[in-house]
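# Reading the structure
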Amino acid sequence: MTEVTPAFIVHGGAWDMPDAEVPGHLAGCRRAAEIGWAILSQGGSAVDAVEAAIRSMEDDPAFDAGVGAWLNEAGEVELDAIIMDGATLESGAVAAVQHVRNPIVLARLVMERTPHALIAAKGAEKLAAQHGLPLVDESALLTGQELERWRAIKEQRDFSMKTAFGGAPRGTVGAVARDRRGHLAAGTSTGGTPNKMQGRVGDSPLIGCGCYADDLSAGASATGWGESIMKVVLCKTACDGAAAGGAAQAAAENAIAVLADRAQGLGGVILIDRQGNIGCAFNTPRMARAWIEHGQIRAGVEA
Ligand code: ASP
């Protein structure tokens with residue numbers, strides 16, 4: 001089998017990120033990119049690289065995933081995550097899960113150890129316990145900063161989900177990889193949107209919306225206002241654009257144009273096509289991401 005050059009990109013959310021948040025987001029993205037790239041360079045699988053990179057960002061309180069996630073309206077952490085294997089089209093996801101520090105690990109368990117694709121809430125917690133994943137106390141996921149932000153939102157009368165993407169910091173995380181065998185994988189993990197209703201599930205854990213991977217087209221991970229991303233099935237739209245022969249960057253840009261035009265949405269998408277080309281587009285003021293170019297790690301938040 002001929003080996004191909006691996007490719008890797010991660011994102012840490014698309015928001016109006018204030019300057020003070022930029023260094024933390026860039027450092028977390030770089031770290032995750034290094035972790036994933038080390039796996040791919042040693043011949044590891046795209047799925048392994050995606051899981052490990054996302055796990056490191058879930059552990060990093062700079063991001064809205066795992067530790068440091070946004071709180072729902074009841075002041076609880078409810079997490080969503082998905083992982084998808086482009087070689088087989090198998091995917092695993094968890095939604096509105098509590099007490100799990102690394103939902104991406106649980107999503108992979110859903111993919112590999114169950115006949116299902118998406119398990120929510122208590123059932124997901126039960127699966128975690130059955131497979132020996134530690135169930136943590138809410139306080140282990142909650143940071144003081146998030147509690148303060150939640151209190152501030154509660155006092156904001158004009159708060160809306162859409163304006164949150166214009167003004168609030170922190171981001172969902174995601175990764176896309178192509179390994180040496182040419183297989184693609186993608187994953188996404190989030191605490192969702194600030195002050196969401198209890199049980200609200202966004203785009204992130206839904207196949208085609210927050211994530212998609214197919215060796216025949218591309219792999220993609222999205223972030224942004226979930227209700228708008230779902231309307232245009234953003235990641236599948238981006239991958240279809242790449243499959244139709246478009247350049248990776250053009251496919252990402254077209255998908256974001258569809259999000260804006262058809263759903264008045266806000267967000268960003270990262271993509272790797274089957275030839276290993278990388279694309280990234282967003283219509284929020286900033287999007288944190290890191291990727292590998294000619295063996296070097298690159299990172300940025302501006303367009
Ligand atoms: N897309 C996520 C959601 O709506 C949030 C984000 O990406 O920032 O749950």
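Now for a description of the structure that goes with this document. (Residues numbered from 1 in each chain as written. Predicted model: local features only at pLDDT ≥ 70, side-chain atom pairs only at ≥ 80, totals over all residues. Heavy atoms only, no water.)

## Some thoughts on the overall build of the protein chain
Of the regular secondary structure elements, the protein chain holds nine helices and 12 strands. For 303 residues, the compact-globule formula gives about 19 Å, and the C-alpha radius of gyration of the protein chain, at 17 Å, lands near that figure. Judged by the C-alpha coordinates and their principal axes, the protein chain covers about 55 × 45 × 30 Å. For the protein chain, the proportion of its 303 residues judged to be buried stands at 59%. Contacts spanning at least 24 positions in sequence make up 70% of the contacts within the protein chain whose residues lie at least 6 apart. Placing the 26 positive and 36 negative side-chain charges of the protein chain at their respective mean positions leaves the two points 0 Å apart. (Helix = DSSP H or I, 4+ residues; strand = E, 2+ residues; numbered from the N terminus. Rg over C-alpha atoms; globule rule 2.2 N^0.38 Å. Buried < 20%, exposed > 50% of the residue type's maximum accessible area, 1.4 Å probe, protein only. Contact = heavy atoms within 4.5 Å. Lys, Arg positive; Asp, Glu negative; His and termini not counted. Charge placed at Lys NZ, Arg CZ, Asp CG, Glu CD.)

## Section: the site of the ligand
As a structural note, the neighbourhood of the ligand is formed by 12 residues, with Thr 172, Arg 200, Asp 203, Thr 223 and Gly 224 the closest of them. In the environment of the ligand, a nitrogen atom lies 2.6 Å from a nitrogen or oxygen atom belonging to the side chain of Asp 203. In isolation the ligand exposes 270 Å². Once the protein is present, 100% of that is buried. Given that more than half its atoms are within 2 Å of the pocket grid, the ligand belongs to the largest cavity. Considered class by class, the residues forming the shell around the ligand number two nonpolar, eight polar and two charged. (Near = heavy atom within 4 Å. Polar contact = N/O pair within 3.5 Å; in protein donor to acceptor, adjacent residues only side chain to side chain. Areas by Shrake-Rupley, 256 points an atom, 1.4 Å probe, with all protein chains shown as cover. 1 Å grid on protein atoms, 1.4 Å probe; cavity = no way out; pocket = protein on both sides within 12 Å on 5 of 7 lines; lining within 4 Å. Sits in = over half its atoms within 2 Å of the grid points. Nonpolar A, V, L, I, M, F, W, Y, C, P; charged D, E, K, R; others polar.)

## As for the sheet that holds strand E7 (residues 211-213)
Read from one edge to the other, the open sheet built from four strands follows the order E7-E8-E9-E10, with strand pairing classed as antiparallel. This sheet does not close on itself; its edge strands, each paired only once, are E7 and strand E10 (278-282). Neighbour-to-neighbour, the strand axes of the sheet open up by a mean angle of 10°, direction not taken into account. Sitting on the sheet, helix H9 (residues 248-263) is in contact with strand E9 (267-273) and E10, with an inclination near 25° to E10. (Pairing = 2+ DSSP bridges. Axes fitted to C-alpha atoms, helices over the stretch in contact; angles between N-to-C directions.)

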